[in-house]
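# Descriptive structure summary
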Amino acid sequence: MSTVLQNLVNQPYRHGFVTDIESDVVPKGLSEDVIRLISRKKNEPGWLLDFRLQAYRHWLTMREPAWPNVKYPKIDFQDISYYSAPKAKKKLASMDEVDPELLRTFEKLGVPMHEQKALAGVAVDVIFDSVSVTTTYKQRLAEVGVVFCSFSEAVRDHPELVRKYLGSVVPPGDNFYGALNSAVFTDGSFCYIPKGVRCPMELSTYFRINTQESGQFERTLIVAEDGSYVSYLEGCTAPKFDTNQLHAAVVELVALDNAEIKYSTVQNWYAGDEKGIGGIYNFVTKRGLCRGVNSKISWTQVETGSAITWKYPSCVLLGDNAIGEFYSVALTNHHQQADTGTKMVHIGRNTRSTIVSKGISAGTSNNSYRGLVKIGANATNARNHSQCDSMLIGDKCGANTFPYIQVNNSSAQVEHEASTSKIGEDQLFYFAQRGIGAEEAVSMIINGFCRDVFTQLPMEFAVEATKLLGLKLEGSVG
Amino acid sequence: MTDKVLLEVRGLTAKVAGIEILKGIDLSVRSGQVHAIMGPNGSGKSTFAKVLAGHPDYEVTGGDVLFEGRDLFDRTPEERARAGLFLGFQYPVEIPGVTNSSFLRLAYNTVQGARGRDELDPLEFDDYVQDKLKLLDMDPAFLERSVNEGFSGGEKKRNEILQLAILEPTLAILDEADSGLDIDALRIVANGVSRLRLPDNAVILVTHYQRLLNYITPDYVHVMDEGRIIKTGDKELAVELESRGYDWVADEYRSRQAA
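Residues numbered from 1 in each chain as written. Chains lettered and ligands numbered in written order. Predicted model: local features only at pLDDT ≥ 70, side-chain atom pairs only at ≥ 80, totals over all residues.

## A short note on the overall build of chain A
- When helices and strands are counted, chain A shows 11 helices and 23 strands.
- Looking at chain A residue by residue over its 478 residues, the buried ones come to 54%.
- Long-range contacts, defined as pairs at least 24 residues apart, comprise 84% of the intrachain contacts of chain A with a sequence gap of at least 6. (Helix = DSSP H or I, 4+ residues; strand = E, 2+ residues; numbered from the N terminus. Buried ≥ 20, exposed ≤ 12 C-beta atoms within 10 Å, placed from the backbone. Contact = placed C-beta atoms within 7 Å.)

## A look at the overall build of chain B
- Scanning chain B for helices and strands turns up 8 helices and 12 strands.
- Over its C-alpha trace chain B gives a radius of gyration of 18 Å, about what one expects of a compact globule, namely 18 Å for 259 residues.
- Along the first, second and third principal axes, the C-alpha atoms of chain B reach 65 × 40 × 40 Å.
- The buried share among the 259 residues of chain B stands at 41%. (Rg over C-alpha atoms; globule rule 2.2 N^0.38 Å.)

## With respect to the pairing of strand E6 (residues 85-88) of chain B
Residue and element names in this part refer to chain B.
- Residues Leu85 and Leu87 of E6 are buried on one face, and the alternating residues Phe86 and Gly88, pointing to the opposite face, are buried as well.
- As judged from the 4 bridges shared by E6 and strand E9 (residues 171-175), these two strands associate in the parallel manner. Note that in E9 the partner of phenylalanine 86 across the bridge is alanine 172. (Pairing = 2+ DSSP bridges.)

## Here we look at the packing of helix H3 (residues 100-114) of chain B against helix H5 (residues 153-167) of chain B
Residue and element names in this part refer to chain B.
- Between H3 and H5, whose axes approach to 10 Å, the crossing angle comes to 35°. Note that H3 runs across H5; the crossing there is right-handed. Mapping the contact onto sequence places Leu104, Ala107, Tyr108 and Val111 in H3 and Gln163, Ile166 and Leu167 in H5. (Axes fitted to C-alpha atoms, helices over the stretch in contact; angles between N-to-C directions. Left-handed = near helix turned anticlockwise from the far one by under 90°.)

## Topic: helix H8 (residues 176-184) of chain A
Residue and element names in this part refer to chain A.
- Most of H8 sits inside the fold, with 8 of its 9 residues counted as buried.
- Looking at H8, one finds that the buried residues are Tyr177, Gly178, Ala179, Leu180, Asn181, Ser182, Ala183 and Val184.
- Where the residues of H8 are buried, they touch helix H2 (32-41), helix H3 (46-60), strand E8 (219-224), strand E11 (250-255) and strand E13 (279-290).

## Notes on the sheet that holds strand E2 (residues 19-30) of chain B
All names here are of chain B.
- Taking strand neighbours across the sheet as the criterion, the 4 strands line up as E2-E1-E4-E5 in an open arrangement whose pairing is antiparallel. In this open sheet, the two strands that pair with only one neighbour each are E2 and strand E5 (70-71).
- Direction of pairing for strand E1 (residues 5-16) relative to strand E4 (residues 58-67): antiparallel, over a ladder of 8 bridges. Considered in E4, the bridge of valine 9 is made with valine 65.

## Here we look at the interface of chain B and chain A
- Tallying the contact residues gives 20 residues for chain B and 18 residues for chain A.
- Where the side of chain B that touches chain A is concerned, the elements lending two or more residues are helix H2 (77-82), strand E7 (95-99) and H3 of chain B.
- Of the residues that constitute the side of chain B that touches chain A, the class distribution is 14 nonpolar, 4 polar and 2 charged. (Nonpolar A, V, L, I, M, F, W, Y, C, P; charged D, E, K, R; others polar.)

## Let's talk about unusual backbone geometry
All names here are of chain B.
- Although it is not a glycine, alanine 17 sits at a positive phi angle of roughly 50°.
- Here alanine 17 is to be found in the loop between E1 and E2.
- Residue classification places alanine 17 among the exposed positions, given that 8 C-beta atoms sit within 10 Å.
- The phi dihedral of glutamate 68 is positive, around 50°, even though this residue is not glycine.
- Within the secondary structure, glutamate 68 sits in the loop between E4 and E5.
- A residue is classified by how many C-beta atoms lie within 10 Å of it, and glutamate 68, with 16 of them, is partly exposed.

## A look at the sheet that holds strand E3 (residues 34-38) of chain B
Residue and element names in this part refer to chain B.
- Read across the open sheet, the 6 strands follow the order E6-E9-E10-E3-E11-E12; overall the sheet is mixed. Whereas interior strands pair on both sides, the edge strands pair on one side only; in this sheet they are E6 and strand E12 (228-233). Within this sheet the neighbouring strands show an average axis-to-axis angle of 20°, counted without direction.
- Of the strands in this sheet, strand E11 (220-225) and E12 touch helix H8 (residues 247-258), which is tilted by about 110° from E12.

Below, the structure is given as structure tokens:
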């Protein structure tokens, strides 16, 4: 690879600082006692503790999945702390009482925690290590009946809703990391949109891992009642450590009749250094259930961080005429590994799904798309269109596509298109011969490549995502 | 007419992948002139064009080149382009996902900026580009397609000439601008180039066949063989080459060297 390309893809991580703040961390290790301790710290009701213990007991019987196309040393689950919270002196009544050190952290990250400074029209929930620090715009959302709060608050204030939907999309024993999350999850976001309400603003959660030896296990649950609409965005960063940290989240979405949920992610966890030391293991289960007729769930993700990414945001299309969408840009550099994609499970009649996946690999990274399209026996006239494109930068990286298609109904139409391209010396020379330098050329090529996905992001975040990809790839041209 | 030397090549040698391809080229191009460089396959014509533009695969091993009186080789490929040196590619590269219009505008504005002239916003640029499209008899829908992606051979070549028309370089080096063109496309490309001939600029046509020279009359015709210019003449030489082939020129050169 030329030095021009090499310099272009070497860009330092800008969120890698550690906040010096006193934390309440439980000792490393996992057992029923630890789970009981977490549950007690959070003053949880008995049914939730039972949910955790059931998940834990199931987890003990499970094995880590070996099928992903990623390599990493065996994780010692007893060497992780499962709870870490910034020590609060007392219960917070307003934002003004938040530890100024925390406020500075999020200011540095560009996350608005003060409502008056917040991006107009975006409500933010902030999760620092294991707990939710603050949720903005609660009042305004409450006026239209939208509940947007931390998961712990939801358990306290809306137990009937949480109990009804928790585990209804991702059951406690669903998969190894999902079960682990169900056993030890500490906080996350909860969102409930009542019947017929179009959520008046974008909802956003910002996740930050700060402590070196803690894992982050958050749980997000979004329920959209009949005829409602919500657009939701999550962002994530973490400090640089030379050890790996585990992030095993679960996100559950439920869309009832005629409801629509749009879920967007800009993931920028620390990816490790250029030698592959450190970085987050991002092992996440995300699934949406289109339970009602004409319901729609749309996942859009821009994945740029993490040492290893293992996630398949999925849609179960149960209701007739339900629509599932998955738009993804996954960029890997240096020694990053990504095995990501989606599952579209068609159960209802006339269900439709669209998959657009753009993988970009640079350095010595490895980027795999893995996707399942399953058409059930009763899914008459189901349709799917998948498009998986890979782009290689340099000649030491890899791209793979693993599409799985299972069709049990002969009226289904399933299409799969795939392509692989490469930013080559010759393309850069062509740009150069027209006066355009390598940095601008690469950014133009990448933006063109990702256009179909970026247009799906909410406006502000499309700009952010474009910038983020630029940062990941830009550098001094030499 | 300001008749000045645009390009001065002296004793240029260059290699690719360790093999010497150019073995000492001398050439002087003045403003207002058209030079044709002809020769058999593998004679080094395309290498010469790419070396001038700064292709990273080629290593200059000797000689020097002045472009408008300044050393060419101490400049990067993009600096050469901004200074007014244009290479029309023999095999234009496809750039999926990048529209022709955004590519052309970025190229235009970059070159304009380097010349200290105003850049054009998308609307102004659209007006500018529509005139150029007419000149080359090209469909405006062309602008919304990805750069060269899925273009026919003729469309790719026309797109190169469109870029030439838009960027208005001082020195245009057109590498096999006529290869793969049917007779209509050839006429359109040739007319486009002819109309872009100005007293202040110059054109180097690298070509295997004489047929392009029926439309664009060169001031000089050079024959290249084994990395050297072995004969220079006027447009009659091209006609002679068409009927007699290249071998006699090489024989003549060898007997001259032996003498």
